[in-house]
Amino acid sequence: MPTVSVKRDLLFQALGRTYTDEEFDELCFEFGLELDEITSEKQIISKEQGNVKAEGASDVVLYKVDVPANRYDLLCLEGLARGLQVFKERIKAPVYKRVMPKGEIQKLIITEETAKVRPFAVAAVLRNIKFTKDRYDSFIELQEKLHQNICRKRALVAIGTHDLDTLSGPFTFTAKRPSDIKFKPLNKTKEYTACELMNIYKTDNHLKHYLHIIENKPLYPVIYDSNGVVLSMPPIINGNHSKITVNTRNIFIECTGTDFTKAKIVLDIIVTMFSEYCENQFTVEAAEVVSPNGKSSTFPELAYRKEMVRADLINKKVGIRESPANLAKLLTRMCLKSEVIGDGNQIEVEIPPTRADVIHACDIVEDAAIAYGYNNIQMTLPKTYTIANQFPLNKLTELLRLDMAAAGFTEALTFALCSQEDIADKLGLDISETKAVHISNPKTAEFQVARTTLLPGLLKTIAANRKMPLPLKLFEISDIVVKDSSKDVGAKNYRHLCAVYYNKNPGFEIIHGLLDRIMQLLDVPPSEEKGGYVIKASTGPPIWFPGDSCRRPEALAAPLFTWLMASWAHYKALVSSGLTLHHAATLPRP
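Residues numbered from 1 in each chain as written. Predicted model: local features only at pLDDT ≥ 70, side-chain atom pairs only at ≥ 80, totals over all residues. Heavy atoms only, no water.

Examining the UniProt feature "domain: B5" (unreviewed entry) in the chain
As annotated in UniProt, the feature "domain: B5" (unreviewed entry) corresponds to residues 302-379 in the numbering used here. Split by type, residues 302-379 is 37% helix and 21% strand. Its first and last C-alpha atoms lie 40 Å apart. (UniProt positions renumbered as here; feature names shortened; annotations may be inferred. Helix = DSSP H or I, 4+ residues; strand = E, 2+ residues; numbered from the N terminus.)

As for the nonpolar core
By size, the foremost hydrophobic cluster in this structure holds 92 residues, and its most contacted members are F24, L146 and F274. Examining the composition of this core, we find that nine residues originate from one element, helix α8 (residues 260-274), more than from any other. Ignoring anything within four residues of it in the chain, the contact list for F24 reads L11, F12, L15, Y19, L35, Y63, V65 and L84. (Core = buried A, V, L, I, M, F, W, Y, C linked by side-chain atoms within 4.5 Å. Buried < 20%, exposed > 50% of the residue type's maximum accessible area, 1.4 Å probe, protein only. Contact = heavy atoms within 4.5 Å.)

Topic: the state of the cysteines
This structure, assessed with the given rule, holds zero disulfides. Not part of a disulfide, C255 finds its nearest cysteine sulfur in C151, a span of 7.2 Å. Judged by relative accessible area, which is 0%, C255 ranks as buried. (Disulfide = S-S within 2.5 Å.)

Here's the deal with unusual backbone geometry
Between G169 and P170 the backbone carries a cis peptide bond, its omega angle lying at 0 degrees. The residue P170 is located in the loop between β7 (157-163) and β8 (171-176) in this model. The phi dihedral of E89 is positive, around 60 degrees, even though this residue is not glycine. Assignment of secondary structure puts E89 in the loop between α5 (77-87) and β4 (97-99). We classify E89 as partly exposed; its relative accessible area is 49%. Positive phi, normally seen in glycine, also occurs at N187, with a value near 65 degrees. The residue N187 is located in the loop between β9 (182-183) and β10 (192-193) in this model.

Observations concerning the sheet that holds strand β17 (residues 305-310)
Taking strand neighbours across the sheet as the criterion, the three strands line up as β17-β19-β18 in an open arrangement whose pairing is antiparallel. If you trace the sheet from one side to the other, it starts and ends with β17 and β18 (338-341), each paired once. Strand-to-strand twist in this sheet, taken as the mean axis angle between neighbours without regard to direction, amounts to 30 degrees. Sheet analysis places β17 next to strand β19 (residues 346-351), joined by six bridges and oriented antiparallel. Residue pairing for β19: R305 is matched across the bridge by I351. Where helix α9 (residues 311-318) meets the sheet, it contacts β17 and β19, and its direction lies at approximately 65 degrees from that of β17. (Pairing = 2+ DSSP bridges. Axes fitted to C-alpha atoms, helices over the stretch in contact; angles between N-to-C directions.)

Considerations on the sheet that holds strand β3 (residues 61-66)
The three strands lie next to each other as β1-β3-β2, forming an open sheet whose pairing is antiparallel. Strand pairing shows two members of the sheet lacking a second neighbour, β1 (3-7) and β2 (34-40), which therefore form its edges. With strand direction ignored, the average angle separating the axes of adjacent strands in the sheet is 25 degrees. Summarising the sheet, β2 and β3 pair through six bridges and their orientation is antiparallel.

Structural data, given as C-alpha cells:
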C-alpha cells in the first residue's frame, strides 16, 4: 500500500477542524485507511542518518497514512482532505469540468517516430493556478507517487509539467537519435546531448532507475515547442527552460506512455486534484492531441459514467439490511453520487473521473461496506453447516516439521524463486533438463526461475552462516515447481523435504538415521518389496558422486518425498560450482 505523508496542521486546516491522534486514527479506519505513523522530518532523518544529520530539520508533525493502491485520488493532501470532507458530509463532491480556452487551444502533435518507443500522449492546461510552497510541494509529490504506483516507475506513463508562459505552442512529440537531442535538463546550468545525460544519470540515485526504459532504443522520445525548445525527454527528465515554480500561473501537463488508458487516468487525477487552486475552481482547460494518422482528440476526458446496482445485492453481499435510500446515501459519502430509481430497488451510481478504481459492481458494494462501517456489521453464523479441516498434505507437513525439529534439525525458509545457475550450473545440470518454470520478466538475476529443488536454498543458507558453531543441521519442507503440460496452468507443485548436516566430519550416519526415522513415521518399512525402502548405490545426476548416495526403490513412487543421500565427498562438487563450504556437507536430495 502506498504511504502518503501530510503535514498534520495543513491537513486539519483543510478539514476545518482539529483531531487528537486517536480521533484521526479512528477517522482513517472508518474511511478504509490506516494511520501508519506519526513522525516529523527531524525524526525521519535522525532514524535514517543519525542525530547529527537531523540538526536543523523541521519538527513539523507528519501523518503517514496508508492508502489502498488503487485509490489514486488519495495520494496527496488535497485528495485525502476532500475525500474525508465528503465522507463526513461537510461538503458535496465537486463537479469537475473541462472548458475550452477563450483563444487558440494548445495542441500536441504526435509524430509516427514515437510508435516503437512511447506511442501515446495526452495533455491538459491548469489555467490561473495559485501555488504556495506547500501546494507546490504537494503537486510535485503527487507526480512522484503516481510514477511509483500506476505508472509502474515511469515504464507505463511519465508525467511532465511545464510553465506554459515560457513556451510557445503547438508542441511536437517525436523521437530522435540520442546524438541529435540537446538541451539544458532540469536543475542543470549547461546543455547536454541525450547520450551525455544518460551517462551522467547512471550515478544519480533517483533517475538511474528509469534509464533502462529507453537507453537501448535507437530513438529517444522528446517534446519540443514551436521554437524548438525542449520541454522534456520522457521518461527521464524535463527541460530546465519550462521549469515550474511557486510563481507559475499556467501549467501545461503532458503524460506520455505505452498504456493509453493509464495515461488518461493519470492526467485526470493530476488535474482534478489541483484544479481546486485555479481561479475557476475545478475547471480544466482542454488541450488537443493530434495522432500520427491525423486524428484529433481532446483531453482531459473527465468522463462521468453511470452504473446500476440493486440494493438487495449490496445488502446480501455485505450482510446488512438497509433501505435503498440509506445505501444511496452511504455511496454518496464515498464520492459516488447515487440515487434510487425505477422500482425502488435500483440504485443509479455516478462514477466520477477521480474513481478509476471502480470498474465493477463489487467495487460499489465494497464502498457501501466501508461507509456503513465494518465494525457495525453484525456477526452471524453461516446458514450452511460446515466444519473446517486442514488440508491433508499440510497436516502431514506440520507433523513432520515437529519431528524434524525433535531430531535436532533447524527449519529454514528459503525463496521459492532462484537463479538458473542455482538449479542447473551449480548442480552440474543443464537448465533444459530441470523442467523449470521461467519468469518472463525477472527483476533480478537472483529470481529467474521457480525452484525445482530445495537443495540450493539450504546450501546458500549454510554458506551465509559459515561462522556459526558447528555442526549445522538444517531442513526445509516446501513446494517446488516443475513444468507439467497436463495441467491447465502448465506447471505443478510438489511438496519436498530436504535436510543438510554440515560439520568437520561427514556424519553420514546422522542423515541415515534421520531418513530411517522419517520412513518410520511414514510407516514405510525397510524392505525391497513393494511399499518399502532400501539403501543402495545410485548413479544419480552429476552432482552426486557414484556410489556415494542412496535412493528409495521405484516401488515407492507415490508418496511425499524423494530421497537421495550424499557422502562427505559431495562438498567438493559444491566448491567447484561456486558455493563455498569449508567442511563436509551431508544431505538427502530434496
